[in-house]
Amino acid sequence: QVQLVESGGGLVQPGGSLRLSCAASGSRFSIYAMGWYRQTPGKQRDLVATITTTHNANYADSVKGRFTISRDNAKSTLYLQMNSLKPDDTAVYYCNMGSFRSGSYYVRSWGQGTQVTVSS
């Protein structure tokens, strides 16, 4: 049973930066694609970014150029570097482990989420 534990969330001013981490255990991290989703109250959970086993990354249009997803297979850890943060980025951010099939990303496991609040 895989466990995904996020950290690094918090309160930041607009224009600031945060780096989220997601530590994985209980599964072979390197053979799975990974991703980040985010969710605000009353809304669906939206895909933010994904990264393949070969480190190819894709981003939602709303975060392109500001966020960077990366992974360290030796540490079984996923990261999300978030720069130039905006109030609209406020959400609970969820790490997930998944796979790509026919070009679509399917989630296998979720972390518990970490709150990111962008406010002055």
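Structure shown above.
Treat the numbers as computed from the prediction; the structure is a model and nothing was measured.

Student: Can you help me understand the overall build of the protein chain in this one?
Tutor: A count of helices and strands for the protein chain gives zero helices and 11 strands. Along the protein chain, from the amino end to the carboxyl end, the secondary structure elements read β-β-β-β-β-β-β-β-β-β-β. With the C-alpha coordinates aligned to their principal axes, the bounding extent of the protein chain is approximately 40 × 25 × 25 Å. Burial status across the protein chain gives 42% buried among its 120 residues. Sequence separation of at least 24 residues holds for 56% of the intrachain contacts in the protein chain that already meet a minimum separation of 6. On the protein chain, roughly 6,400 Å² of surface is accessible, and the fraction owed to carbon and sulfur atoms is 44%. Looking at charge distribution, the protein chain has the averaged site of its 12 positive side-chain charges lying 7 Å from that of its 6 negative ones.

Student: Teacher, can you tell me more about the pairing of strand 10 (residues 104–110) here?
Tutor: In summary, the side chains of a regular strand alternate between the two faces of the sheet. As judged from the six bridges shared by strand 9 (residues 91–101) and strand 10, these two strands associate in the antiparallel manner. The residue bridging Gly 98 from the neighbouring strand is Val 107, located in strand 10. Hairpin connection of strand 9 to strand 10: two residues between the antiparallel strands, including Ser 102 at a positive phi of 55°.

Student: Please explain unusual backbone geometry as it appears in this structure.
Tutor: Residues apart from glycine generally show negative phi values, whereas peptide bonds are mostly found in trans. Its identity is not glycine, yet Ser 84 carries a phi of approximately 50°, on the positive side. One non-glycine residue, Ser 102, lies in positive phi territory at about 55°. You can see Ser 102 is positioned in the loop between strand 9 and strand 10. Given the relative accessible area of 82%, Ser 102 is considered exposed.

Student: What am I meant to see in the pattern of salt bridges here?
Tutor: Proximity of charged atoms lets side chains of opposite charge pair with each other. A complete count under the given rule lists three salt bridges for this structure. With a shortest N-O distance of 3.2 Å, Asp 61 and Lys 64 are connected by a salt bridge. A residue is classified by how much of its surface remains accessible, and Asp 61, at 65% relative accessible area, is exposed. Linked by salt bridges that have partners in common, Arg 38, Arg 66 and Asp 89 make up one network.

Analysis parameters
Residues numbered from 1 in each chain as written. Predicted model: local features only at pLDDT ≥ 70, side-chain atom pairs only at ≥ 80, totals over all residues. Heavy atoms only, no water. Helix = DSSP H or I, 4+ residues; strand = E, 2+ residues; numbered from the N terminus. Buried < 20%, exposed > 50% of the residue type's maximum accessible area, 1.4 Å probe, protein only. Contact = heavy atoms within 4.5 Å. Areas by Shrake-Rupley, 256 points an atom, 1.4 Å probe, with all protein chains shown as cover. Lys, Arg positive; Asp, Glu negative; His and termini not counted. Charge placed at Lys NZ, Arg CZ, Asp CG, Glu CD. Pairing = 2+ DSSP bridges. Salt bridge = Lys/Arg side-chain N within 4 Å of Asp/Glu carboxyl O.

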